[in-house]
Amino acid sequence: MIETEADLFTYLKLRYMSDLEKASHEFDYHDCQSDTTKRHIELKCRHRHYDELILEKDKYDALMQQAERLGYTPWYINSTPQGVYGFNLKIIKMTWTIRQLPATTTFNNPQTISKTVTYLKISQGAKL
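Residue indices begin from 1 for each chain and proceed along its sequence in written order. Local features are withheld for residues below a pLDDT of 70 in this predicted model, meaning they are given only at 70 or higher, and side-chain atom pairs are given and counted only at 80 or more; totals for whole chains, interfaces and linings count all residues. The side-chain values count all of the structure's non-hydrogen atoms but skip hydrogen atoms and water molecules.

1. Structural notes on the sheet that holds strand S7 (residues 97–102)
Working step 1: Note on pairing: DSSP must find at least two bridges between two strands before they are called paired. What counts as a helix is a DSSP run of H or I of at least four residues, what counts as a strand is a run of E of at least two, and both are numbered from the N terminus. Strand order in the open sheet made by the 3 strands is S4-S8-S7, with antiparallel pairing throughout. At either end of the open sheet lies a strand with only one pairing partner, and these are strand S4 (52–56) and S7. Averaged over all pairs of adjacent strands, the angle between strand axes in this sheet comes to 55°, irrespective of strand direction.
Working step 2: Bridging between S4 and strand S8 (residues 112–121) involves 5 bridges; their strand directions are antiparallel. Opposite Glu 52, over in S8, you have Lys 121 as the bridge partner.
Working step 3: Each of S4 and S8 touches helix H2 (residues 57–70); the most contacted strand, S4, lies at about 70° to it. All axes are obtained by fitting lines to C-alpha atoms, using only the stretch in contact for helices, and the reported angles, taken between N-to-C directions, cover 0 to 180 degrees. Two residues form a contact once any of their heavy atoms are found within 4.5 Å.

What follows is the structure, encoded as structure tokens:
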């Protein structure tokens, strides 16, 4: 099982995109990109399997804008205990909703905020 985004990056680099490079800044809206396949990629690791994977609109918008500016395709790649799923965001129609979600991924912080999100069905993606 892939535990971290660093593990997921290595998995993708070894199996699919040997030229995969990490983003230059820690807080970029993408985690890596492949110049050969022209993919601009956001990575996420889930420690539980979900049939629908969440994507925040702010992250989606920034990823789409950066990819378009570069002439790349925006991808969202998630790992779960049941596999790795890749989503070509350019071809999926999004339905947005507002949800109360944790303000941060730090589990000892109980604060929630409203976030605009979509849920990607794993059937909409490619199992890698």
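Back to the text.
2. Remarks on the pattern of salt bridges
Working step 1: Any carboxyl oxygen of Asp or Glu within 4 Å of a side-chain nitrogen of Lys or Arg constitutes a salt bridge here. What the rule picks out here adds up to 3 salt bridges.
Working step 2: In this structure, Lys 59 and Glu 42 form a salt bridge, with 3.2 Å as the shortest nitrogen-oxygen distance. With Lys 59 in helix H2 and Glu 42 in strand S3 (residues 39–45), this residue pair connects regions lying 17 residues apart in the sequence.
Working step 3: Only protein chains enter the calculation, and the probe is 1.4 Å; a residue is then buried if its accessible area is under 20% of its type maximum, exposed if over 50%, and partly exposed in between. Classification of Glu 42 as buried rests on a relative accessible area of 2%.

3. Some remarks on the sheet that holds strand S9 (residues 126–127)
Working step 1: With respect to topology, 6 strands assemble into an open sheet ordered S1-S2-S3-S5-S6-S9, the strand pairing being mixed. Unpaired on one side and paired on the other, strand S1 (21–22) and S9 mark the two borders of the sheet.
Working step 2: Of the strand pairs in this sheet, strand S6 (residues 83–88) and S9 are connected by 2 bridges, and their pairing is antiparallel. When the sheet's bridge partners are listed, Tyr 85 is paired in S9 with Lys 127.
Working step 3: Relative to the sheet, helix H1 (residues 5–15) contacts S1, strand S2 (32–34), S3, strand S5 (73–80) and S6, its axis offset from that of S3 by approximately 135°.
Working step 4: Packed on one face of the sheet, H2 meets S2, S3 and S5 and runs near 155° to S3.

By themselves these figures say nothing about function.
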